[in-house]
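Letter by letter, the chains look like this.
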Amino acid sequence: MSQTVNRLPESARCHRLLLTGAAGGLGKVLRPRLKAHADILRVSDVAPLGEPASGEEIAPCDLADAAAVSQLVQGVDAIVHLGGVSVEQPFDAILPANIQGVYHLYEAARLHGVRRVVFASSNHVIGFYEQGQQLDADTPLRPDGYYGLSKAYGEHLSRFYFDRYGIQTVCLRIGSSFPEPKDRRMMVTWLSYDDLTDLVTRALFTPDVGHLIVYGASANRDRWWSDDAARVLGFVPKDSSERFRAQVEAQPPLPPDDPAARYQGGAFVKAGPFPFPSQPAAAPDAE
Ligand code: NAI
Ligand code: 15L
């Protein structure tokens, strides 16, 4: 696959940028860092967002509410979409934010003329490949649960909105973005916050990306995912999980027949099954 290396313009910025999921783990990291690239940063979540910093707009919104999402997106130039359920859950819990919500977001983007979205996809779209298998952006999906399926839906939906309406999206198949890798699997999947920030910024501002799927991992010793597509963005990770190896390997290993040790998605592959039909919330006591 031949790739052109694009340089991120020094002046990479836009007028109004929307960050969904701004109250979450990665949202809190990216909120101050993305502000440097926007005149106005509109931050959104269902969870509390605190007080606005200079140049920020606070925009509480439930992604499941179509009208609210349309209002949220009005007037923005680009979107970093982190909002939604971020772990494996029963389908009923995933549906409103991750399936309906991403549809609402793209319809609002179409309606209000937004031309660029960075979509936080996940390694869980390919979680049922065995650890050690080498994958690239064209490898057929093997989601490891309803959460991974919802991210697969978001990737396909964004492809449709590019083909039909020309909205450009970079889908970031983020590995494990935390302060430190927590286990042996994350020694491979870890994406440092600095590398995440560089990747998201490049995904936002690299011209003419079309619809692109990029794996997000730092320059860790062991790699499962091709970085060919990341090179289109000029992304070269700077960090490595190696400095955490001793502390991670001091933990007892999982038994080799544990599915969490066998598959790329780790423990997500053994979540569920969940009760079916799902239990409705208990009705309040009759008087
Ligand atoms: P998080 O769970 O900390 O943050 C997600 C945010 O979305 C939360 O603040 C939550 O309140 C919000 N949210 C949930 N339902 C919502 C709704 N109906 N309407 C509006 N907002 C809603 O997750 P984290 O770790 O910050 O991840 C951010 C994004 O990146 C997520 O989409 C996640 O799936 C994705 N991702 C994260 C990885 C990681 O290692 N942290 C790895 C792969 C993907
Ligand atoms: C994800 O997609 C989750 O959002 C995050 O909480 C981690 O579990 C990460 O993947 C991972 O695979 O380590």
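Here is what the cut-offs are and how they apply
- Residues numbered from 1 in each chain as written.
- Chains lettered and ligands numbered in written order.
- Predicted model: local features only at pLDDT ≥ 70, side-chain atom pairs only at ≥ 80, totals over all residues.
- Heavy atoms only, no water.
- Helix = DSSP H or I, 4+ residues; strand = E, 2+ residues; numbered from the N terminus.
- Rg over C-alpha atoms; globule rule 2.2 N^0.38 Å.
- Buried < 20%, exposed > 50% of the residue type's maximum accessible area, 1.4 Å probe, protein only.
- Contact = heavy atoms within 4.5 Å.
- Areas by Shrake-Rupley, 256 points an atom, 1.4 Å probe, with all protein chains shown as cover.
- Near = heavy atom within 4 Å.
- Polar contact = N/O pair within 3.5 Å; in protein donor to acceptor, adjacent residues only side chain to side chain.
- Expected span 1.5 Å × (residues − 1).
- Pairing = 2+ DSSP bridges.
- Axes fitted to C-alpha atoms, helices over the stretch in contact; angles between N-to-C directions.
- Nonpolar A, V, L, I, M, F, W, Y, C, P; charged D, E, K, R; others polar.
- Parallel < 35°, antiparallel > 145°, perpendicular 65-115°, else oblique.
- Left-handed = near helix turned anticlockwise from the far one by under 90°.

S.K.: How should I be thinking about the overall build of the protein in this particular structure?
M.R.: Within the protein one finds 9 helices and 7 strands. In terms of overall dimensions, the protein is globule-like: its C-alpha atoms have a radius of gyration of 19 Å, near the 19 Å expected for 287 residues. In terms of overall dimensions, the protein has a C-alpha envelope of 65 × 50 × 40 Å along the principal axes. Considering the protein as a whole, with its 287 residues, one finds that 51% of them fall into the buried category. Considering only contacts within the protein whose residues lie at least 6 apart along the sequence, 69% involve residues at least 24 apart. For the protein, the accessible area works out to roughly 13,700 Å², and carbon and sulfur atoms hold 54% of it.

S.K.: What is the right way to look at the site of ligand 1 in this model?
M.R.: Surveying the vicinity of ligand 1 reveals 26 residues, the closest of which are L26, D45, S86, Y147 and S177. Residue G24 places a main-chain N or O atom 3.1 Å away from an oxygen atom belonging to ligand 1. In the model, an oxygen atom of ligand 1 is placed 2.9 Å from a nitrogen or oxygen of the K151 side chain. For ligand 1, the protein covers 84% of the area, taking 820 Å² as the surface of the free molecule.

S.K.: What should I look at first to understand the environment of G132 in this one?
M.R.: In this fold, G132 is placed in the loop between β5 (116–122) and α4 (146–165). Classification of G132 by relative accessible area gives partly exposed; the value is 42%. G132 sits 131 residues away from Y263 along the chain, and the two C-alpha atoms are 8.7 Å apart. With sequence-adjacent residues up to four places away left out, G132 is seen in contact with W224 and Q264.

S.K.: In this structure, what is going on with helix α6 (residues 193–205)? I would like to understand it.
M.R.: Residues lying three or four places apart along an α-helix face the same way, a consequence of the helix completing one turn every 3.6 residues. Under the 1.5 Å per step criterion, the end-to-end length of α6 is 18 Å for 13 residues, consistent within 8% with the ideal 18 Å. Of all the 13 residues making up α6, 11 are buried; the element is thus mostly covered by neighbouring parts of the structure. Restricting attention to buried positions, one finds in α6 the residues Y193, D195, L196, T197, L199, V200, T201, R202, A203, L204 and F205. Tucked into the core, α6 has its buried residues touching β1 (14–20), α1 (25–35), β4 (78–81), β5, β6 (168–174) and β7 (211–216).

S.K.: Can you walk me through the sheet that holds β7 in this structure?
M.R.: The pairing of strands in a sheet comes from backbone hydrogen bonds and takes either a parallel or an antiparallel form. Spatially, 7 strands are ordered β3-β2-β1-β4-β5-β6-β7 in an open sheet, and the strand pairing comes out parallel. Every interior strand has two partners, whereas the edge strands, β3 (56–58) and β7, have only one. The average undirected angle you get between the axes of adjacent strands in this sheet is 20°. Of the pairings in the sheet, the one linking β1 to strand β2 (residues 38–44) comprises 6 bridges and is parallel in character. Each residue of the ladder has a partner; that of C14, found in β2, is A38. Across the sheet, helix α2 (residues 66–73) touches β1, β2 and β4, and the angle it forms with β2 is around 165°.

S.K.: Honestly, the side chain of R245 in this entry has me stumped. Any pointers?
M.R.: Positionally, R245 belongs in helix α8 (residues 245–249). A distance of 2.7 Å separates a polar atom in the side chain of R245 from a polar atom in the side chain of E249.

S.K.: Teacher, can you tell me more about the site of ligand 2 here?
M.R.: Around ligand 2 sit S86, S122, N123, H124, Y147, G175, S176, F178, R185, M186 and F268, and those are all the residues in its vicinity. A distance of 2.6 Å separates an oxygen atom of ligand 2 from a polar atom in the backbone of S86. Separating an oxygen atom of ligand 2 from a side-chain N or O atom of N123 is a distance of 3.0 Å. Relative to its unbound accessible area of 310 Å², ligand 2 is 84% covered by the protein chains. Taken together, the residues of the shell around ligand 2 sort by class into 4 nonpolar, 6 polar and 1 charged.

S.K.: Teacher, can you tell me more about the packing of α1 against α6 here?
M.R.: When two helices pack together, you describe them by how their axes are tilted relative to each other and by the distance separating the axes. Between α1 and α6, the least distance of the axes is 11 Å, while the angle of their chain directions is 60°. In terms of orientation, α1 and α6 fall into the oblique class. As for how α1 packs across α6, the hand of that crossing is right-handed. Here L26, V29, L30, R33 and L34 of α1 come into contact with α6, specifically with Y193, D194, L196, T197, V200, T201 and L204.

That is the geometry; function is a separate question.
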